[in-house]
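# What the coordinates show
Listed below, chain by chain, are the residues.
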Amino acid sequence: MEVIFILIAISLILAGSFLYLFFRAMKGGQFDDNHTPAIRILFENEPKTKDKKEPLPSPSIKSK
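Each chain carries its own residue numbering, running from 1 in the written order of its sequence. Totals for whole chains, interfaces and linings use every residue, but because this is a predicted model, local features are given only for residues with pLDDT of at least 70 and side-chain atom pairs only at 80 or more, for both listing and counting. Working from all heavy atoms in the structure, the side-chain values ignore hydrogens and water.

## What about the overall build of the chain?
For clarity, the threshold we go by: Think of it this way: any DSSP run of H or I at least four residues long counts as a helix, any run of E at least two long counts as a strand, and we number them from the N terminus. The buried label goes to any residue with under 20% of its type's maximum accessible area, the exposed label to any with over 50%, and the partly exposed label to all in between, with areas taken from a 1.4 Å probe on protein chains only. In short, Shrake-Rupley with a 1.4 Å probe defines the accessible areas, and a residue's cover is counted only from the protein chains shown.
Each helix and strand in the chain was counted, giving two helices and zero strands. When the 64 residues of the chain are sorted by exposure, 2% land in the buried category. As displayed, the chain has an accessible area near 7300 Å², and 64% of this comes from carbon and sulfur atoms.

Structure representation (structure tokens):
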């Protein structure tokens, strides 16, 4: 039974340390990206090409 109290304490310490590191990274500006949203509109999702190959017409079979 004592093991569960030790595991709960370890998990709370681990979760608290991850939360501290997350807020530290947020305050340090690690997740700030001011350049990409401004140029995102300039890029298309799928590049369009003028050389679209059309399927060849199927050969017609003429019977005599």
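## Details of helix 1 (residues 2-28)
Worth spelling out the cut-off: A helix's residues, less one, multiplied by 1.5 Å, set its expected span.
Given a rise of 1.5 Å per residue, 27 residues ought to cover 39 Å, and the 39 Å separating the end C-alpha atoms of helix 1 matches this to within 8%. Just past helix 1, the residue G29 takes up positive phi, approximately 85°.

## Describing a nonpolar patch on the surface
Worth spelling out the cut-off: Like charges are joined within 9 Å and nonpolar side chains (Val, Leu, Ile, Met, Phe, Trp, Tyr) within 5 Å, but only among residues with over 30% relative accessible area and no salt bridge; these make up the patches. When a carboxyl oxygen of Asp or Glu lies within 4 Å of a side-chain nitrogen of Lys or Arg, that pair is called a salt bridge.
A cluster of nonpolar side chains, M1, I4, F5, I8 and L12, forms an exposed patch at the surface whose accessible area comes to about 590 Å². Note that I4 resides in helix 1. Residue I4 is classed as partly exposed on the basis of its relative accessible area, which comes to 44%.

## Side note on the environment of S11
Just so we agree on the cut-off: Any pair of N or O atoms that falls within 3.5 Å is considered a polar contact. Within protein, one atom must be able to donate a hydrogen and the other to accept it, and sequence-neighbouring residues count only if both atoms are side-chain atoms.
Tracing the backbone through its elements, the reader meets S11 in helix 1. Exposure remark for S11: the relative accessible area of 39% places this residue in the partly exposed category. Reaching out from S11, the side chain makes a polar contact with the backbone oxygen of I8 at a distance of 2.8 Å.

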